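Here are the chains, one letter per residue:
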Amino acid sequence: MSHRTWMYSGWQRGKAPSSEWINQTTQFLDHAFSNMEIATNDTIKCPCAMCRNYFSLKRDTIEMHLCKHGFREGYETWTEHGETHIGHDEGDSIANGEGFDEVDRMDQMLIDLAGDNPPIVDEQPTPFATDFYRMVDSASELVHEKTTHSRLSAVARLLAIKSRHNMSIAEYDDIIGIIHELLPLDSNLPNDFYQSRKLLQGLGMPYVKIDVCYNNCMLFYKDDASKEICDVCGANRYEEGRRTKVPRKVLRYLPITERLQRLYAYVDTAKLMRAPSPSTSGKMVHPCDGEAWQQFDEDFPEFARDRRNVRLAVATDGFTPFGRDAAPYSCWPVFVTPLNLPPGTLLRPEYIFLALVVPGPKHPGKNLNILMQPLVDEFKTLWEGVDTIDASIKRSFKMKAAYLWSVHDFMAYGDFAGWSTHGRLSCPCGYGCLGFQLRNGHKACWFDCHRRFLPMDHVFRKQANAFRKNTRVLEEPPRRLTGEELQANVTRFAGDDTFGKLHNWTHVLCFRQLPYFSKLLLPHNIDVMHNEKNVSEAIWNTCFDIGSKTKDNVKARLDLAMICNRPSFHLVQKNNGKWDKPRAPFCINKDDKPIILQWFKELKFPDAYAANIRRGVDLQHKRILGLKSHDYHIFIERLLPVVFRGFLPDNVWRSLAELSYFYRQLCAKELSKDVARSLEQNVAVLLCKLEKIFPPGFFNVMQHLIIHLPYEARLGGPVLARWSYPYER
């Protein structure tokens, strides 16, 4: 209710509430405690964000809780304190971010799907709906006659507590046993965890265990399910010396179909799952505003005709679950998320589905492609369509889903896409952006590989000594290959002996089995989160000349002397035979470093804006420790132009400020199509300016990938839907 915005606008954590908030809260409590139907024994349900109307407390305690925690989200209608429920705008409340922290909404979902409006009589329910309606029957069966809790609501609450506090099954059974001792003998509460889980089987949350070769060579799956020896390496499927058959490695697969169907089983989310229409304002605020989405709709008009059909993104990354001090173990979860949701709801944690858990202990490498086969098989089924009940109209429809793109860091990009991200061919654009090997640094380099992206009449193309020695660039920009051309190339080259010479294909991606894959304009995304982090880290370490991490080391100077005509950068031999490295103009003066670090030491941010960077400032060793990806995100977009101004030459500072503004425009919540085209046209000029400042060793593949980011933004829409932050958090 709009007239109760004071409940949230007048209170902020850690600050004194406004006078209006205090007066209105006092009136609310006076009203609630004066209602004898609500107030029992001088207590009412506490509406604070912590208690959430679950606990009845006295007035002084409630006042303290409200001042400390504020009101629970989405409680403009005081349904627990004497007001009737008004549900005309619940869908908008979810889309606008209210109710984000609800413990569970299952009871409301059941009411929406099967409460006052039963399904159409002449329609055959889907198998999922049949199990679901069977579960619904338990929603009207009370635990005992003197309570308002049904069997379903009680079990759902208990299982939520078990999950939140990571309780074991034995602990759960013990608690259920104590509760039974407190309840009447004829109560209907399940006796243990097994019966509780069986009651909720209609929610459709199964998972499948699939045995895997210990070396990730093959799955014992489908036609190979009965085999006990790996066809590739000959490894045993089961552990030796056991009486029973215990698999050596198991893949956990959690099907996504029923979880997608469940999004349509709740009225509000069913409405939100209708793909939004592309923006007509010229601004991109959602993936549907990008060219990749719109081209897919043109190529498959039947799929696009029903806005309830789902576009899906796949994300994966490895992590070590046992901490750095434990034995090395690499576990790879694979996530799937629907992209139909509106911008305010897209990529929230509750809509990111865990689909696969790839076990360790070793990195799966290109065999990740084998382990994702069950997910690909399900994508094939979803492309054909599955019968689903739409709770918003109480009718079934054929829900289809399609893979739209993937998100992962650059190393996982190679394992997922089948294009190795190592060597001079590691740029994923294919054959047009060739790097070269540094003779002293022994790394792939993309220095002076960006002038060919400039307009043919640009002045930088004809500057013979500003980049490489005696080199002018007259080549045209490389042509981007179509999906059909890439499909033909990977089929032709993958696994042959020209790897690393003509191509970098390592294997054929399993997702290429999908009939529409070759039509996708942006099947894989370069992760802007990791790109920002790597570029920002390189700039900071190089400008601060941090010994073991700078890109301007002795080997870089030796390579620079061979490649560039910059004699002022060359190493100088002293009279004592030692070599001296002249200070580069992009390096901060030794006396200025403490000033900059002291500025970081005193830096403060608004709450929840950024981490406390000043904790990592080390004035003694003149560096900042413990910076994370988001810290570098804040640094390069907000702090870089400020922190280096006045300490670097004007031309260096301006180029770094342009890079900062480039990332800030690219990562905006709303990205204008005109801005995206402008960034695509000017990014080559920006990189060439940086090439005239930094040595060749600075330009590894991460710095080169900047050239492709505006193009991907034009195809995919806002970066916020295409980077790794939502998945890694």
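Reference entry: report on the structure contained in this document.

Thresholds applied
- Residues numbered from 1 in each chain as written.
- Predicted model: local features only at pLDDT ≥ 70, side-chain atom pairs only at ≥ 80, totals over all residues.
- Heavy atoms only, no water.
- Helix = DSSP H or I, 4+ residues; strand = E, 2+ residues; numbered from the N terminus.
- Buried < 20%, exposed > 50% of the residue type's maximum accessible area, 1.4 Å probe, protein only.
- Pairing = 2+ DSSP bridges.
- Axes fitted to C-alpha atoms, helices over the stretch in contact; angles between N-to-C directions.
- Parallel < 35°, antiparallel > 145°, perpendicular 65-115°, else oblique.
- Left-handed = near helix turned anticlockwise from the far one by under 90°.
- Contact = heavy atoms within 4.5 Å.
- Nonpolar A, V, L, I, M, F, W, Y, C, P; charged D, E, K, R; others polar.
- Salt bridge = Lys/Arg side-chain N within 4 Å of Asp/Glu carboxyl O.
- 1 Å grid on protein atoms, 1.4 Å probe; cavity = no way out; pocket = protein on both sides within 12 Å on 5 of 7 lines; lining within 4 Å.
- Points joined across faces, edges and corners; volume = space filled by probe spheres on them.
- Core = buried A, V, L, I, M, F, W, Y, C linked by side-chain atoms within 4.5 Å.
- Phe/Tyr/Trp six-rings, centres within 6.5 Å; stacked < 30°, edge-to-face > 60°.

**Notes on the environment of Gly-385**
Logical step 1: Assignment of secondary structure puts Gly-385 in the loop between helix H15 (373-384) and strand S9 (386-390).
Logical step 2: When its relative accessible area of 15% is taken as the criterion, Gly-385 is described as buried.
Logical step 3: Expressed as a C-alpha distance, the spacing of Gly-385 and Met-399, which sit 14 residues apart in the sequence, is 5.1 Å.

**Points about the sheet that holds strand S14 (residues 524-526)**
Logical step 1: Sheet architecture is open: seven strands sit in the order S3-S4-S8-S7-S6-S11-S14, paired in mixed fashion. Only two strands of the sheet have a single partner each, and these edge strands are strand S3 (208-211) and S14. The mean inter-strand angle of the sheet, taken between neighbouring strand axes irrespective of direction, is 20 degrees.
Logical step 2: Of the pairings in the sheet, the one linking S3 to strand S4 (residues 250-253) comprises four bridges and is antiparallel in character. Within the sheet, the bridge partner assigned to Asp-211 lies in S4 and is Val-250.

**Here we look at the pairing of strand S10 (residues 395-399)**
Logical step 1: For S9 and S10, the ladder comprises five bridges, and the chain directions are antiparallel. Bridging from a neighbouring strand, Asp-387 pairs with Lys-398 of S10.
Logical step 2: Taking the residues that link successive antiparallel strands as the turn, the S9-S10 hairpin has four residues, and the phi of Lys-394 there is positive, at about 60 degrees.

**Some remarks on the environment of Gln-24**
Logical step 1: For Gln-24, the location among the structural elements is in helix H2 (residues 19-34).
Logical step 2: Residue classification places Gln-24 among the partly exposed positions, given a relative accessible area of 26%.
Logical step 3: When the C-alpha positions of Gln-24 and Arg-4 are compared, they lie 9.1 Å apart, and in sequence the two are 20 residues distant.

**Things to note about the packing of helix H22 (residues 650-666) against helix H23 (residues 673-691)**
Logical step 1: Following both chains from N to C, one finds H22 and H23 inclined at 150 degrees, their axes separated by 10 Å at the closest point. Our classification of the angle between H22 and H23 gives roughly antiparallel. For H22 against H23, the interelement crossing comes out left-handed. Contact residues: H22 offers Ser-655, Leu-656, Glu-658, Leu-659, Phe-662, Gln-665 and Leu-666, while H23 offers Val-675, Leu-679, Val-683, Leu-686, Lys-689 and Leu-690.
Logical step 2: Here the residues of the contact of H22 with H23 are counted per class, giving nine nonpolar, two polar and two charged.

**Description of the pattern of salt bridges**
Logical step 1: Summed over all chains, the structure comprises 28 salt bridges.
Logical step 2: Here Asp-377 ties to Lys-222 by a salt bridge, and the two come within 3.1 Å at their closest N and O atoms. Residue Asp-377 is located in helix H15, and its partner Lys-222 is located in the loop between S3 and S4; the two are separated by 155 residues in the primary sequence.
Logical step 3: For Lys-222, a relative accessible area of 54% corresponds to the exposed category.
Logical step 4: Residues Lys-533 and Glu-537 are paired through a salt bridge, measuring 3.1 Å at the closest nitrogen-oxygen approach. Here Lys-533 pairs with Glu-537, and both are found in helix H18 (residues 528-543), just four residues apart, close to one helical turn.
Logical step 5: Lys-533 gets classed as partly exposed once you look at its relative accessible area, which sits at 22%.

**Quick look at empty space enclosed by the protein**
Logical step 1: According to the stated counting rule, one finds four cavities of 30 Å³ or more in the structure shown.
Logical step 2: If you add up the space inside the largest cavity, you get close to 60 Å³.
Logical step 3: What lines the largest cavity is simply Trp-540, Phe-600, Ile-613, Ile-624, Leu-627, Asp-631, Tyr-632, Phe-635 and Leu-639.
Logical step 4: In terms of residue count, the dominant contributor to the lining of the largest cavity is helix H21 (residues 629-643) (four residues).
Logical step 5: The residue makeup of the lining of the largest cavity, split by class, is eight nonpolar, no polar and one charged.

**Notes on the nonpolar core**
Logical step 1: Counting residues in hydrophobic clusters, the biggest one holds 84 residues, and the most contacted among them are Trp-540, Phe-600, Phe-644, Leu-656, Leu-659 and Phe-662.
Logical step 2: For this core, the element with the most residues is H23, which contributes nine residues.
Logical step 3: With near-sequence residues (within four places) excluded, Phe-600 lies in contact with Trp-540, Ile-613, Arg-614, Val-617, Ile-624, Phe-635, Leu-639 and Val-643.
Logical step 4: If you look at the next biggest cluster of nonpolar residues, it comprises 69 residues, including Ala-270, Phe-335, Leu-368 and Tyr-516.

**Brief notes about the packing of H18 against H22**
The axes of two packed helices give the description: the angle between them and the distance between them.
Logical step 1: Where H18 contacts H22, the two axes come as close as 12 Å, and the packing angle between them is 165 degrees. One element, H18, and the other, H22, form an angle in the roughly antiparallel class. H22 is crossed by H18, and the crossing has left-handed handedness. In this structure, H18 uses Val-528, Asn-531, Glu-532, Val-535, Ile-539 and Cys-543 to contact H22, whose residues at the interface are Leu-656, Leu-659, Tyr-663 and Leu-666.

**With respect to the packing of aromatic side chains**
The relation between two aromatic rings is expressed through the spacing of the ring centres and the mutual angle of the planes.
Logical step 1: On inspection of all chains with the given rule, the structure shows 38 aromatic pairs.
Logical step 2: Note on Phe-460 and Phe-467: the rings are 5.9 Å apart at their centroids and 65 degrees apart in plane angle, and the pair reads as edge-to-face. The same class applies to Phe-460 as to Phe-467, namely buried.
Logical step 3: Between Trp-723 and Tyr-725 the ring centres are 4.8 Å apart and the planes differ by 85 degrees, which places this aromatic pair in the edge-to-face class.

**Regarding unusual backbone geometry**
Logical step 1: Cis geometry marks the peptide bond from Gly-360 to Pro-361; its omega dihedral reads 5 degrees.
Logical step 2: If you trace the backbone, Pro-361 turns up in the loop between strand S8 (353-358) and helix H14 (368-371).
Logical step 3: Phi is positive for Asp-545, close to 50 degrees, though the residue is something other than glycine.

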